[in-house]
Amino acid sequence: MADLRADLGFLQLRNPVLTASGTFGYGMEFLSFLDLSAIGGIVVKGLYYGPREGNPPPRLVETASGLINAIGLPGVGVEHFAADVLPELRKHDATVIVNVCGDGDEEYFQVIEFLNRYDGIAAYELNISCPNVKLNGACPAMNPHMTRTIVATAKQRSRRPLVVKLSPNVTNIAEIARAAEDGGADGISLINTLLAMAVDLETRRPKLGNVFGGLSGPAIKPVALRMTYQVAQAVRIPIIGMGGICTGRDALEFMLVGARAVQVGTANFVDPAASVRIVHEIAEYCDARGIARVADIVGTLETNR
Amino acid sequence: MRHDPAARIIQKKTWGDFHLLRLESQALSSEAAPGQFLMVRTTDGYDPLLRRPISLHDAGGIGLEIFFRVAGRGTALLAAKKEGDILDCLGPLGKGFRLDGFGPDKTAWLVGGGRGIAPLFFLARTLLSKGAGVRVFYGGKTVSEIPLREKFESAGILLDCSTDDGSFGFAGLVTTLLEHELRAGRPDGFFACGPDPMMERAGRLALRLGLPAQLSLEAIMGCGFGVCWSCVHRIKKDNEGAWRKICEDGPVFGADEILWEEA
């Protein structure tokens, strides 16, 4: 069988398939469907310092080949996560990346410093798309200066590798990626959801309680692929690609344009075993074509440009 | 919770927009309890993307039944399936009705509105098998919206029907019929499933009379097994309101737990 290992430099993965934050809970919810050690790793649901309630419903609306969510990042907070969830995940030999959230820069750093004290976390993924209430909902991901500043401080405070998750809702994704790299990021993951909305023509009301939400699912794959390619051209640090991945072929396309690993998100809702199925499909693809190491595919796209 | 990618449709019945599918699946039926539901894929492709939550109408042996009404594109695709086709299902999901205490000397009244009748057949059968007395109230806007009358009657279940337009049975809301009947006698508790306004009326009625009631709620769901956090409803927890997941913490909640004013 093909060698599926993925080398992120700062982290070696069994295979290149991770699960995306917000689509896989804290991992334990999936134990009846798959073995957490059979996938590359899991990125747990975004953690703020304290527990959070999330947005009023409706929180989800289905769209053509996708969905818009406005869940509002409810979560258990770092203390509960460290005390009750992390020890369970360690028993299952899962590679755990924690998605770090914050309402304002300081909260991100508090989450990192709290979790620094616990073992069993392979890396942090900085979710710089969290809306900042004080800044009228703006997030660090939308501005290269803010991105560089928060990444630099987060990196200083962290005793672990730091992946920065980018928002697609920007004019120039390559510029933001370079800002994250300049700030000291060890890796980049992209894309987060696309800002979207849906309305009900009959009731003349928004379909989401929060009015706006984030679009995900197969509908966004072409946008995600383009941005992953652009970022791969712009930075030297490893990239984790995501956006609408449902099959092994989808995953391999992201690797072809330069991602060393991928995350599976919305597909987990439809097929709880999607991530492990995608690992098998990647292996089958490689074996059928005599590809000895899946890593050899990374960044091999040929263009005439 | 199991995943059966190939539950076979062995029988299909249709009444206008309403459909009943009998499926064969050892994996899904062996653990099924009244009030639980399945998440069903409606297509092999990605549009519609999400599974649809569908109530378990009955289960026993290797068979189970689902009953639903066409409400959009997903359920329309499901309604187009034929006998012999296979369905990709997750289930059984959620926490069903709590039946402890309902034995031979107890009486339960079951209240279903429209497609909300779906879980009450399995519930009625189970209560009867425990020796409890069962009476079902079944309402719809009009006579074509209460198609399962004969099914309940031929199973020997005591049935009272209502239609908003008076085309069959009591003329008015099923909760109004319930209110009338409660003047003549009281059950030891009631169980209800239907649209939110009906659930709210039934819940408030139960609280006013001090009757224990269990209400099965519905919501748009992303996953059905507790990870997407979409299907939340305001529920009392430690005497405060909290957004709790209908798919995992419910779909059945006590009338005294549900907070309507905030939802």
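A few points on the structure. Given the structure is predicted, the values throughout are model-derived calculations rather than measurements.

## What to know about the overall build of chain B
And then number 1: Of regular secondary structure, chain B possesses six helices and 15 strands.
And then number 2: Here the C-alpha radius of gyration of chain B, 18 Å, is about what a compact globule of 263 residues would show, namely 18 Å.
And then number 3: Principal axes of the C-alpha set define a box for chain B whose edges measure 50 × 45 × 35 Å.
And then number 4: Per-residue burial for chain B yields a buried fraction of 55% across its 263 residues.
And then number 5: For chain B, the proportion of contacts with a sequence separation of at least 24, taken over those separated by at least 6, is 64%.
And then number 6: Of the roughly 10,500 Å² that chain B leaves accessible, carbon and sulfur atoms contribute 48%.
And then number 7: Charge-centre separation for chain B: the mean point of 32 positive side chains lies 2 Å from the mean point of 33 negative side chains.

## Notes on the nonpolar core
Nonpolar side chains tend to gather and get buried jointly when the protein is soluble and globular.
And then number 1: Grouped together as the largest cluster of nonpolar side chains are 133 residues, with contacts concentrated most on Phe81(A), Val98(A), Leu115(A), Leu126(A) and Leu166(A).
And then number 2: When residues of this core are assigned to their parent elements, the largest contribution, seven residues, is made by helix 8 (residues 274-288) of chain A.
And then number 3: Residue contributions to this core reach at least three from each of two domains, namely domain 1 (2-93) and domain 2 (107-216) of chain B.
And then number 4: Residues contacting Phe81(A), with those up to four places away along its chain left out, are Tyr26(A), Val44(A), Leu47(A), Val76(A), Leu86(A), Pro87(A), Leu89(A), Val98(A) and Leu115(A).

## Considering helix 6 (residues 248-256) of chain A
All names here are of chain A.
And then number 1: Taken residue by residue, helix 6 has Gly248, Asp250, Ala251, Leu252, Phe254 and Met255 as its buried positions.
And then number 2: On its buried face, helix 6 sits against helix 5 (221-234), strand 15 (239-242), strand 16 (261-264) and helix 8.
And then number 3: Looking one or two residues beyond helix 6, the residue adopting positive phi is Gly258, at roughly 130°.

## Overview of the packing of helix 5 of chain A against helix 6 of chain A
Residues and elements named next belong to chain A.
And then number 1: Close contact between helix 5 and helix 6 brings their axes to 9 Å; oriented N to C, the two are set at 25°. Judged on the interaxial angle alone, helix 6 and helix 5 are roughly parallel. Packed against helix 5, whose contacting residues are Lys221, Ala224, Leu225 and Thr228, the element helix 6 presents Asp250, Glu253 and Phe254 at the interface.
And then number 2: Here the contact of helix 5 with helix 6 is composed, by residue class, of three nonpolar, one polar and three charged.

The rules behind these values
Residues numbered from 1 in each chain as written. Chains lettered and ligands numbered in written order. Predicted model: local features only at pLDDT ≥ 70, side-chain atom pairs only at ≥ 80, totals over all residues. Heavy atoms only, no water. Helix = DSSP H or I, 4+ residues; strand = E, 2+ residues; numbered from the N terminus. Rg over C-alpha atoms; globule rule 2.2 N^0.38 Å. Buried < 20%, exposed > 50% of the residue type's maximum accessible area, 1.4 Å probe, protein only. Contact = heavy atoms within 4.5 Å. Areas by Shrake-Rupley, 256 points an atom, 1.4 Å probe, with all protein chains shown as cover. Lys, Arg positive; Asp, Glu negative; His and termini not counted. Charge placed at Lys NZ, Arg CZ, Asp CG, Glu CD. Core = buried A, V, L, I, M, F, W, Y, C linked by side-chain atoms within 4.5 Å. Domains from an automatic or database assignment. Axes fitted to C-alpha atoms, helices over the stretch in contact; angles between N-to-C directions. Parallel < 35°, antiparallel > 145°, perpendicular 65-115°, else oblique. Nonpolar A, V, L, I, M, F, W, Y, C, P; charged D, E, K, R; others polar.

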